[in-house]
Amino acid sequence: MNDPLPYVLTIVQAAALLLLAPFMVGWVRLVKARLQNRRGAGPLQPYRDIRKLFAKEAVVAANASWIFRFTPYLVFGVTVLAGAIVPILAVDLPLAPVADVIALVAIFALARFFIALAGLDVGTAFGGMGSSREMTIASLAEPAMLMAIFATSLITHSTSLSTIVAEIHKGVLLKPSFAFALIAFVLIALAENGRIPVDNPATHLELTMIHEAMILEYSGRHLAMIEWAGMMKLMLFSLLGIALFAPWGIAGTPGGGSVVLAFGVMAAKLLAIATGLPVLEMGLAKLRFFRVSEFLGVAFLLATLAILSHFILER
Amino acid sequence: MSPVFLAQVIDLLSALVLLLGFGLLAQRRIYALLHLFAWQGLFLAANTAIVAYGAGVRHLYFSALMTLAMKVALIPYILHVLIRRMKIERDVETMVNVPLTLLIGIALVVLSYNVMSPIQEFSTLMTRSTLAIALATVMLGLLMMITRRHAVAQVIGFLAMENGLFFAATSATYGMPMVVELGVALDILIAALIFGVFFFQIRTTFESLDLSKMARLKEDVGE
């Protein structure tokens, strides 16, 4: 307990999430723009956007309650907290015993719950519509997410992320259940982050927006925090995916050299995901809202098949 | 190659066969359905070939080859030609509640696992764990025949059922005797041809392959 390094690492990890998330989103946007034959803004554009929003005045509707003002801070706070829990650089960090994967899902659910409340709070039509849609998707995505996580937990006999990472380190898993769980997780991550087949992150078209509709009333520093938290969420889901399915490179024991190596490997993996995501999105068309249930139904099916094939084939 | 690795590959292939069974259940477009069916046949053939190699059963190679010829090439080709001749390639089926169908499918997988697990205990073959998946594939084909209204989709469901039976034979006893297998293969081929004739008859009578219209065959007794 006297070794300060794990504590330092926790802080470094959360700070890295905080500082690198806008770059990742900027990179995704840049790659997407290039794929669409646009020049696109540089990968640093999200930083400028955030700085601009922080400098602006925050306008709050006259009938907004405390929920509306409180939500951005809560969402931002829990996202940073989640960043300290997911093993990004090393396992067995001091905050790791605080929450396992299921609690992590609950933390994301808390943030979503408050955003949905804030969308309803002001009483505009768009906010309510966005909240309703978001909760519809959440009610389908969360069971599927938990199923996918249960599948990896069954394989590794633990719900603690640190143990899962350590177990997967022991041997490469050529298992059908693992592959199914991975595909399910990718589908769910697309839905949870409002990426293309479910929601379009670049649209303010009134009939199709989901996430954007909920936060339409926000401005200034409130909007900056929610946007920033959204960017961190994308990076967190990537990191969670890496931790659950491809954790090679995460340092087993906190030590100087291995952490530097872990940082490099992590950056390479994230860059690969941030390049793969827009390529994937380019190949897909946004689904009609009532088809989203089928999309998430498939994710649920895959996750359940992962669990079943674990019992049927891998005992 | 070590037996453990072979068993892992068999597990992976059988999981893919099951996944394709679900894909058939959820797919709306006719051509895509046909392609999924061909893929299922391909994985089945690969699985059979690996079992043949792993268990050293010579005649299973022949079964694998036959599966490849029949279910990956010939039958999809026949159906392909039929679909093109009848100009129904643009048909998109309206289906009732895909998620519900998938959930029923999952329940069927659980059921077949429960039914098969006592039998698995007796088996000493390297393929014993895939027995439940084979039964589940049969069940999914059956479910597909129940939930679909389009004649071609029902036929593909039937053929997927046969895939499952073949799979079950391979995983339970390393395949049926050669005579039986040849007989079944011939039956399937003839069935595919007869289905073709039926398709044409149904279409000339009802101008559609939607089998729910067959309700019109009822005589109006009351009037």
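Above: the structure in question.
These numbers were taken from a predicted model, which means no experiment stands behind them.

By the secondary structure assignment, leucine 16 of chain B is in helix 1 (residues 3–26). Taking the C-alpha atoms as reference points, leucine 16 of chain B and leucine 44 of chain B, separated by 28 residues in sequence, lie 9.1 Å from one another.

All right, on to helix 5 (residues 125–156) of chain A then. Residue and element names in this part refer to chain A. Across its 32 residues, helix 5 extends 46 Å between first and last C-alpha, which sits within 8% of the 46 Å expected from 1.5 Å per residue. Helix geometry: helix 5 is bent most strongly at alanine 138, by close to 25°. Positive backbone phi, at 60°, marks histidine 157, one or two positions downstream of helix 5.

Residues and elements named next belong to chain A. Using the criterion set out here, one finds 14 aromatic pairs over all chains in the structure. A ring pair is formed by phenylalanine 70 and phenylalanine 114, whose centres lie 5.8 Å apart and whose planes are at 75°; its orientation type is edge-to-face. You can see phenylalanine 70 sitting in helix 3 (residues 66–85) and its partner phenylalanine 114 sitting in helix 4 (residues 101–121), a full 44 residues away along the chain. Owing to a relative accessible area of 35%, phenylalanine 70 belongs among the partly exposed residues under this scheme.

Glancing now at the layout of surface pockets. By volume, the second largest pocket is sized at about 910 Å³. For the second largest pocket, the lining is made up of 26 residues, of which Glu294, Phe295 and Val298 of chain A together with Ala26 and Gln27 of chain B are closest to its centre. Mapped onto the lining of the second largest pocket, the elements with two or more residues apiece are helix 7 (176–192) and helix 11 (292–313) of chain A together with helix 1 of chain B. With 6 residues, the single largest contributor to the lining of the second largest pocket is helix 1 of chain B. For the lining of the second largest pocket, a count of residues per class yields 20 nonpolar, 2 polar and 4 charged.

Conventions used here
- Residues numbered from 1 in each chain as written.
- Chains lettered and ligands numbered in written order.
- Predicted model: local features only at pLDDT ≥ 70, side-chain atom pairs only at ≥ 80, totals over all residues.
- Heavy atoms only, no water.
- Helix = DSSP H or I, 4+ residues; strand = E, 2+ residues; numbered from the N terminus.
- Expected span 1.5 Å × (residues − 1).
- Bend = angle between axes of the 7 residues up to and from the residue.
- Phe/Tyr/Trp six-rings, centres within 6.5 Å; stacked < 30°, edge-to-face > 60°.
- Buried < 20%, exposed > 50% of the residue type's maximum accessible area, 1.4 Å probe, protein only.
- 1 Å grid on protein atoms, 1.4 Å probe; cavity = no way out; pocket = protein on both sides within 12 Å on 5 of 7 lines; lining within 4 Å.
- Points joined across faces, edges and corners; volume = space filled by probe spheres on them.
- Nonpolar A, V, L, I, M, F, W, Y, C, P; charged D, E, K, R; others polar.

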